[in-house]
Amino acid sequence: MKEEKKMSYQRPKGTNDILPGEVEKWQFIEETARLLFNDYQYQEIRTPMFEHIEVITRSVGGTSDIVTKEMYDFYDKGERHITLRPEGTAPVVRSFVENKLFGPEYTKPYKVYYTGPMFRYERPQKGRLRQFHQIGVEAFGSENPATDVETMMMAMDFFEQLGMKQFHLVINSLGDLETRQNYRQALIDYLTPHQEKLSEDSQRRLNENPLRVLDSKDKGDKAVVANAPSILDYLSEPAKKHFDEVVAMLDALEVPYQIDHNMVRGLDYYTHTIFEIMSDAQGMGAQNTICAGGRYNQLVAELGGPETPGFGFALGIERVLLVLEAEAVLIPTGNPLDAYVVNLGEAVNIEALKLVQSIRHAGFSADRDVLNRKAKGQFKTADKLNATLVLTIGESELEAGMVNVKAMATRKEIQVPLTEIYTNFSAVYDELTKEEDK
Ligand code: ATP
Ligand code: MG
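Cut-offs used in this document
Numbers given to residues run from 1 along each chain, matching the order in which its sequence is written. Both sets of labels track the order of writing: A upward for chains, 1 upward for ligands. Only residues with pLDDT of at least 70 get local features here, since the model is predicted, and only at 80 or more are side-chain atom pairs given and counted; chain-wide, interface and lining totals rely on the full set of residues. Computation of side-chain values covers all heavy atoms of the structure but excludes hydrogens and water. UniProt positions are given in the numbering used here, feature names are shortened, and annotations may be inferred rather than shown by experiment. Helix numbers and strand numbers start at the N terminus; a helix is a DSSP run of H or I with at least 4 residues, a strand a run of E with at least 2. Stacked, edge-to-face and tilted labels apply to pairs of Phe, Tyr and Trp rings (six-membered ring for Trp) whose centres lie within 6.5 Å, assigned for plane angles under 30 degrees, over 60, and everything in between, in that order. Each residue's exposure class comes from its accessible area (1.4 Å probe, protein chains only) as a fraction of the maximum for that residue type: buried when under 20%, exposed when over 50%, partly exposed otherwise. The criterion is that NZ of a Lys, or CZ of an Arg, lies within 6 Å of the ring centre and within 35 degrees of the ring normal, and then a charge sits over that ring. Note on terminology: a nonpolar core comprises buried Ala, Val, Leu, Ile, Met, Phe, Trp, Tyr and Cys residues joined through side-chain atoms within 4.5 Å. Any pair of residues with heavy atoms lying within 4.5 Å of one another is described as a contacting pair. In these notes, residues near a molecule or strand are those with any non-hydrogen atom within 4 Å of it. Under this definition, polar contacts are N or O atom pairs within 3.5 Å; protein pairs additionally need one hydrogen-donor-capable and one acceptor-capable atom, and for neighbouring residues in sequence, both atoms have to be side-chain atoms. Only the protein chains shown count as covering a residue, and every accessible area follows the Shrake-Rupley method with a 1.4 Å probe. Under this grouping Gly is polar, as are all residues other than the nonpolar Ala, Val, Leu, Ile, Met, Phe, Trp, Tyr, Cys and Pro and the charged Asp, Glu, Lys and Arg. When DSSP finds two or more bridges between two strands, those strands count as paired. Fitting a line to C-alpha atoms yields each axis, with helices limited to the stretch in contact; the angle taken between N-to-C directions then spans 0 to 180 degrees.

Another aspect to go through is the UniProt feature "domain: Aminoacyl-transfer RNA synthetases class-II family profile" (unreviewed entry) in the protein. Sites flagged by UniProt as "domain: Aminoacyl-transfer RNA synthetases class-II family profile" (unreviewed entry) map to residues 26-332. Split by type, residues 26-332 is 39% helix and 21% strand. Its first and last C-alpha atoms lie 11 Å apart.

What follows is the structure, encoded as structure tokens:
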């Protein structure tokens, strides 16, 4: 029997409201990414939240979990088959091709980053949501293994800059077409005798796309896969050369890494280098992959562009936040308030308005009471907001053309002409906040 659907004024399952108090952490993460990625000469790109479904199916692959189970797809009023984007690479590649960003007027490699929500119909749990957020990057036009390495390093730098300590890099190679053809057969030969032990999904995938079996999270599958042949033994000569160079460069930079020859990633578009950055922080469970990516040399051509190699990664902001919490990293937060205007009596309502506007226009943050509260309540609010200065104005001050200004840290208090506030607030601010040179 179908469960009766309740009318609901709650947020959809697997989504979050990001409220003030929490959103400052998001801003810190996004700002850190922006600054760092600029150092690596990446520019921001913004693509739509939804795409024609074939952009995703063609890129991510018809046997991937994303396409078979997790798409938020629908037909719009014009009968177009649309999906909310489940990931960022396919849309960016679509945009790269559509806007001809491979043209001679653009710098090569063409390097972009994005940030925003992604949508996947998953079973929600810690670190796994239906609307989650990624920061990702894509570099188009370089086959050089140095691009693989510097992009992976950018991700590592990012986590370091956030203050994370417990994470490690895992790499593998999926080689080229020749590699995959050879390996595919070896894998089928290995898996077939174990067929009955595999999960239903994996049995189906065995012949469609045996590499997918390696990516299974099923316990039984994992046991079988543990002894599977290594793709690294099947690398074609050019694929081996590429991977060896990546490894040599990581060594040259003295970056620690692990090689996991069973790592394949959940998306079909990867070739050559793939990588994950895993957190070692307590309590992340199976959601300990915080960043994942790799090389995709066929994808641009696959979506109708000229043969163009690519390399990119995506990291999950919610998981990063969980890790920061698990590692007890303090994130700078706060929205400092320079001045709070305590105003007493309706007669000063307009003057208080003029005061906050004038202070704001002088480049400071300011707020005031608008609820006509008693002095005590207003001072309490100023305290709660951690205001640097409190200006107090009542009817008698207004008559005298003066305002009382108090520095909350030092309790120093002075009377200042209103005109001084209107013409030179920053001098008043400086006067009251310089404390050391007494
Ligand atoms: P997983 O194996 O955990 O399902 P994935 O292989 O599907 O991850 P990618 O598609 O490579 O992940 O996405 C890159 C990153 O985005 C992941 O490493 C993770 O940090 C984050 N991510 C992916 N799916 C989710 C989700 N449903 N909720 C929150 N974060 C996610
Ligand atoms: Mg997944």
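Evaluated as defined, the whole model comprises 19 aromatic pairs. Centroid distance Tyr106 to Tyr110: 5.6 Å. Interplanar angle 80°. Geometry classified as edge-to-face. The buried category is assigned to Tyr110, whose relative accessible area is 16%. With 5.8 Å between their ring centres and 70° between their planes, Tyr269 and Tyr296 make a pair best called edge-to-face. Here Tyr296 lies in the loop between β10 (289-295) and α11 (299-302) and Tyr269 lies in the loop between β8 (258-259) and β9 (271-279), a separation of 27 residues in the sequence. Taking the relative accessible area as the measure of exposure, Tyr296 reaches 1% and is therefore buried. Members of the aromatic cluster, joined through ring pairs, are Phe37, Tyr113, Phe158, Phe159, Phe167, Phe275, Phe311 and Phe313. In this arrangement the basic side chain of Arg130 is found over the ring face of Tyr121, its NZ or CZ atom lying 3.9 Å from the centre.

Bringing the nonpolar core into the picture now. Among the nonpolar cores identified, the biggest contains 48 residues, and Val93 and Phe140 are the most heavily contacted of them. With residues near it in sequence (within four places) discarded, Phe140 still touches Val92, Val93, Phe96, Pro109, Tyr110, Val112, Tyr296, Val300, Thr308, Pro309 and Gly310. Tyr40, Val137, Met164 and Leu321 belong to the second largest nonpolar core, which has 47 residues in total.

A few words on the site of ligand 1. Taken together, 16 residues sit near ligand 1, with Arg120, Glu122, Arg128, Lys217 and Arg265 positioned nearest. One of the side-chain N or O atoms of Glu122 is found 2.5 Å from a nitrogen atom in ligand 1. Within the side chain of Gln134, an N or O atom sits 3.0 Å from an oxygen atom of ligand 1. For ligand 1, the accessible surface in isolation is 590 Å², of which the surrounding protein chains cover 92%. Broken down by element, the residue count for the shell around ligand 1 peaks at four residues, all from β10. Of the residues in the shell around ligand 1, the class split is six nonpolar, four polar and six charged.

Turning to the sheet that holds β9, a few remarks are in order. Spatially, β1-β5-β6-β11-β10-β9-β7-β8 is the arrangement adopted by the eight strands of the open sheet, whose pairing is mixed. Looking at the sheet topology across the chains shown, the edges are occupied by β1 (43-44) and β8. Strand direction decides the pairing type here: strand β7 (residues 167-173) and β9, joined by seven bridges, are antiparallel. Directly across from Ser173, in β9, lies its bridge partner Thr273. Most of the contacts of helix α4 (residues 89-98) go to strand β6 (residues 131-140), to which it runs at about 45°, and overall it touches β5 (110-119) and β6.

Listed under "binding site: L-histidine" (unreviewed entry) in the UniProt record, and renumbered for this structure, are Glu87, Gly88, Thr89, Arg120, Gln134, Glu138, Arg265, Tyr269 and Tyr270. Its place among the elements puts Gly88 in the loop between β4 (81-84) and α4. The exposure class of Gly88 is buried, given its relative accessible area of 3%. Other than its neighbours up to four places away in sequence, Gly88 contacts Tyr114, Met118, Gln134 and Glu138. The class of Tyr269 is buried, set by a relative accessible area of 6%. Those residues in contact with Tyr269, other than ones at most four positions away along the chain, are Ser59, Val60, Glu87, Thr89, Arg295, Tyr296 and Leu299. A polar contact of 2.5 Å, which involves the side chain of Tyr269, links it to the side chain of Glu87.

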